[in-house]
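# Remarks on the overall topology
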Amino acid sequence: MILVLGGGVTGLAAGRVLEAAGEDFLVLEREDEPGGWCRSIPAGKYTFDMSGHFLHVSDPVLREWILGVPGVPWREVERDARILLKGRLTPYPFQVHLNGHAPAFVSRCLADFAAQRIRAAIHGDRTPNHLAEWLIQRFGKAMCEAFFFPYNGKMWRTPLARLGYEWTDWSVPVPRFEDLLDGASGGVRKGMGYNARFHYPARGGIGALVGALARPLGARVRTGARVARIDLRRKVVHTSAGDALPYRAVISTIPLPGLAACSEGLSSSARRAASSLKWVKVLAINLGICGAGPTPGHWMYVPEPRYPFFRVGFLSNVAPSSAPRGCASVFVEKSFPANARVNVDREIGKAVRGLKRMGVLRGGSRIEELRPVMLDPGYVLFDGARSKGVSLLAGEFARRDVILAGRYGAWDYFGMDRSIADGLRAAGLAARSHGR
Ligand SMILES: Cc1cc2nc3c(=O)[nH]c(=O)nc-3n(C[C@H](O)[C@H](O)[C@H](O)COP(=O)(O)OP(=O)(O)OC[C@H]3O[C@@H](n4cnc5c(N)ncnc54)[C@H](O)[C@@H]3O)c2cc1C
């Protein structure tokens, strides 16, 4: 028997491969429904996601696999993302759309960017020690101080000098000087960045993908089955419902620190590595608003402290079916350190005030539905301990026939695409394993 721990998109994708291979397997999911962070929330006449979940997938083989899952009414959408800074709304990515900002600020951005390039040309590329240095070297001081530092500070809730930058290669576009000049004089770059075009279901929210993945697996997805204990020596998973399930191999997509905490038979160095892993959680507040003010684009990055969130998204501009006509399905995202105590009601009050300041809520607007959800974990922290700790844990678990997969199983910064790809990879490995 192969056990898949967690029924999010990674675990479900793994299940689909195992089923096609004729394997004996079971997906164990602690909640009453599968989907993890990719569930959608029907709320009256609105549809919300756990937070904005847009599918961007660059690998053509993977794209074919995901878009080929029968039953998802996919639509392809051209991204319309914005930056709200100094009262101005400019297209994403910020660095190549400086036009519209005060001329003195634009010229400082260009000069500081050029200075970094000149320094690199004369003295050679220095390897940055941390994220703050990486950002300065790529974009220069003026853009960092105005946008990159405050935005990343809001998102990671950790001094940037304590974070690595291994995740930036796919997610932060680094332009050429010509791109900056062009953007400063009004040029618009449409195709830049990892999600220039993305897919999203026309109906049902991103949960439509979850439903389509899970349906053919039927009772092979066991919900309400929390993994409580794993005996790595005897190779048995114990659930909170009292089941003891022997396994040949495990694919674990549940958060790595939690997996380590419930695993019996781990070495003390693996335990230490697991306790050094850090993350932030994300409070996503979904609002169904009738009579909303302007909701420009699909989402906006919001670096300034006067707004108590780092991103606000307008799901109904991506999928009009997610709100009734004349109304908007809106979400805001705010990060917190993992151990922070969060007063959700107070955060809702702050978010509402922020949306009023922004003009999204105005006189005559009515909040018809409100669904806050805490995504914990939200973002894995790339600090000095992560990479060594994760490879130690992955090695030790692999020797016990436990394969780590997905954003939180592998403890990485994966979108749905890479999580699903990891689930497919893990299923292939598990199917080839013969146990010990
Ligand atoms: C704020 C935010 C915004 C995001 N936006 C996007 C986006 O726009 N596009 C994109 O591609 N990706 C996005 N992502 C990433 C995306 O959410 C993940 O890549 C994806 O959900 C990972 O799926 P998963 O199955 O690996 O993990 P999860 O979705 O976390 O699923 C893990 C499952 O394991 C279950 N579980 C946990 N513990 C146990 C236990 N002890 N026993 C049994 N089951 C357990 C959970 O209930 C859950 O169902 C975003 C993430 C966040 C936090």
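For the structure given in this document, a descriptive report is provided here. Note that the structure is a prediction, hence the values are computed from the model and not measured. (Residues numbered from 1 in each chain as written. Predicted model: local features only at pLDDT ≥ 70, side-chain atom pairs only at ≥ 80, totals over all residues.)

## Structural notes on the site of the ligand
Around the ligand sit 36 residues in total, of which Gly6, Gly8, Gly36, Gly406 and Gly415 are the nearest. Of the residues in the shell around the ligand, the class split is 14 nonpolar, 15 polar and seven charged. Both domains that furnish three or more residues to the shell around the ligand are identified here as domain 1 (2-38 + 59-73 + 204-276 + 383-432) and domain 3 (279-380). (Near = placed C-beta within 6 Å. Nonpolar A, V, L, I, M, F, W, Y, C, P; charged D, E, K, R; others polar. Domains from an automatic or database assignment.)

## Thoughts on the sheet that holds strand 7 (residues 88-91)
Spatial ordering of the open sheet is given by 7-6-16-17-18-15-19, a layout of seven strands whose pairing is mixed. Each edge of the sheet is formed by a strand with only one pairing partner; in this case those strands are strand 7 and strand 19 (366-380). Neighbour-to-neighbour, the strand axes of this sheet turn through a mean angle of 25 degrees, independent of strand direction. Strand direction decides the pairing type here: strand 6 (residues 81-85) and strand 7, joined by four bridges, are antiparallel. Note that in strand 7 the partner of Arg82 across the bridge is Pro91. On the sheet, helix 5 (residues 141-156) packs against strand 6, strand 15 (279-290), strand 16 (299-301), strand 18 (327-337) and strand 19 and is oriented at approximately 105 degrees with respect to strand 6. Contacts from helix 12 (residues 344-358) reach strand 15, strand 18 and strand 19, with the element oriented near 55 degrees to strand 15. (Pairing = 2+ DSSP bridges. Helix = DSSP H or I, 4+ residues; strand = E, 2+ residues; numbered from the N terminus. Axes fitted to C-alpha atoms, helices over the stretch in contact; angles between N-to-C directions. Contact = placed C-beta atoms within 7 Å.)

## A word on helix 12
Between its first and last C-alpha atoms helix 12 spans 21 Å; for 15 residues at 1.5 Å apiece the expected length is 21 Å, and the two agree. Considered for burial, the residues of helix 12 that qualify are Ala351, Leu355 and Met358. Buried residues of helix 12 fall within an arc of 60 degrees about the axis and therefore sit on the same side. Residues Asp345, Arg346, Gly349 and Arg357 are exposed on helix 12 and point more than 90 degrees away from its buried face. In this structure, the buried residues of helix 12 make contact with strand 15 and strand 18. (Expected span 1.5 Å × (residues − 1). Buried ≥ 20, exposed ≤ 12 C-beta atoms within 10 Å, placed from the backbone. Arc of directions from axis to C-beta.)

## A few points about the pairing of strand 6
Most of strand 6 sits out of view: four of its five residues are buried. Looking at chain direction, strand 6 and strand 16 are connected through three bridges and run parallel. Bridge pairing links Ala81 to Trp299 in strand 16. The hairpin formed by strand 6 and strand 7 contains two residues between the paired strands, and Lys86 there has a positive phi angle of roughly 50 degrees.

## Structural notes on unusual backbone geometry
Along the chain, Tyr92 connects to Pro93 via a cis peptide bond; the corresponding omega equals -5 degrees. Mapped onto the fold, Pro93 is located in the loop between strand 7 and helix 3 (103-123). Omega for the bond connecting Asp376 with Pro377 falls within 30 degrees of zero, at 5 degrees, which places this linkage in the cis form. Tracing the backbone through its elements, the reader meets Pro377 in strand 19. One non-glycine residue with positive phi stands out, namely Arg157, at about 50 degrees. By the secondary structure assignment, Arg157 is in the loop between helix 5 and helix 6 (168-171). Non-glycine residue Lys235 carries a positive phi angle of around 60 degrees.

## Digging into the packing of helix 3 against helix 7 (residues 177-184)
Close contact between helix 3 and helix 7 brings their axes to 11 Å; oriented N to C, the two are set at 175 degrees. Taken together, the axis directions place helix 3 and helix 7 in an arrangement best described as roughly antiparallel. Two secondary-structure elements touch here, helix 3 through Val106, Leu110, Phe113, Ala114 and Arg117 and helix 7 through Phe177, Leu180 and Ala184. A class-by-class count of the residues in the contact of helix 3 with helix 7 yields seven nonpolar, no polar and one charged. (Parallel < 35°, antiparallel > 145°, perpendicular 65-115°, else oblique.)

## Describing the environment of Ala328
One can find Ala328 in strand 18. For the pair Ala328 and Gly288, spaced 40 residues apart in sequence, the C-alpha to C-alpha distance is 5.8 Å. Setting aside chain neighbours within four positions, we find Ala328 in contact with Ile289, Ala292, Thr295, Phe314, Ser316 and Ala323.

## Details of helix 13 (residues 386-399)
End to end, helix 13 covers 20 Å across 14 residues, agreeing with the expected 20 Å (1.5 Å per residue, within 8%). Residues of helix 13 that are buried include every one of Arg386, Gly389, Leu393, Glu396 and Phe397, and no others. Along the long axis of helix 13, the arc covered by the buried residues comes to 115 degrees, so they all point the same way. Facing away from the buried surface of helix 13 by more than 90 degrees, the exposed residues are Lys388, Ser391, Gly395 and Arg399. Against the buried residues of helix 13 lie helix 9 (256-261), helix 10 (268-275), strand 19 and strand 20 (402-404). A positive backbone phi angle near 65 degrees is found at Asp401, which sits one or two residues after helix 13.

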